[in-house]
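The lines below spell out each chain.
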Amino acid sequence: MADPTRAEHIVVHPPALDGSRRVTSGDAVLGVASHLDDVVEILRLADLDRIEVEESDLIDWQGGGPDDWPGLSEEHDLLPGER
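This is a predicted model, so every value here is computed, not measured.

Rules behind the numbers
Along each chain, numbering runs from 1 in the same order as the chain's sequence is written. This being a predicted model, a pLDDT of at least 70 is required before a residue's local features are given, and a value of 80 or more before pairs of side-chain atoms are given or counted; all residues contribute to the totals for chains, interfaces and linings. Heavy atoms throughout the structure, all of them, feed into the side-chain values; hydrogens and water do not. For every residue, the pLDDT score states the predictor's confidence, bounded by 0 at the bottom and 100 at the top. What makes two residues a contact is simply this: any of their non-hydrogen atoms within 4.5 Å. Salt bridges are identified by distance alone: a Lys or Arg side-chain nitrogen within 4 Å of an Asp or Glu carboxyl oxygen. Here a helix means four or more residues in a row that DSSP labels H or I, a strand means two or more in a row labelled E, and each is numbered from the N terminus. Each residue is assigned to one of three classes by its accessible area relative to the maximum for its type, calculated with a 1.4 Å probe on protein chains only: buried under 20%, partly exposed between the two thresholds, exposed over 50%.

1. Topic: the confidence of the model for the chain
Item 1. Of the residues in the chain, 77% have a pLDDT of 70 or more, and the chain-wide mean is 82.
Item 2. Taken as a whole, residues 1–5 scores under 50 in pLDDT and shows 8 contacts with residues more than four places along the chain or in a different chain.
Item 3. Taken as a whole, residues 73–78 scores under 50 in pLDDT and shows 5 contacts with residues more than four places along the chain or in a different chain.

2. Description of the pattern of salt bridges
Item 1. Under the defined criterion, the tally for this structure stands at 1 salt bridge.
Item 2. Salt-bridge contacts for R44 lead to E41; the nearest nitrogen and oxygen are separated by 2.7 Å. Of this pair, R44 and E41 both sit in helix 1 (residues 36–45), 3 residues apart, which is roughly one turn of that helix.
Item 3. For E41, a relative accessible area of 35% corresponds to the partly exposed category.

3. Comments concerning the environment of W69
Item 1. The topology assignment puts W69 in the loop between strand 4 (59–61) and helix 2 (74–77).
Item 2. Taking the C-alpha atoms as reference, W69 lies 8.2 Å from R21; in sequence the two are 48 residues apart.
Item 3. Contacts of W69, omitting those with residues within four sequence positions, involve G19, R21, A33, S34, H35, L36, V39 and W61.

Here's what the structure looks like:
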């Protein structure tokens, strides 16, 4: 198991239009999350499961925190010409 104190900085990127968020470590994409539980699982698979996802200074939550998982906005749900 990896030592989380030696882990590279992890970034949870801003939500995409579908609400999913990329999770990266350095230049490596670890996965795509649609929920906080997905981030926990992505980190577990990367041997980083000792990190407290919601409180760790090793995770940079961009575009919202661990509770921000928006879906498509109403504007994005409209078909072209309906705006």
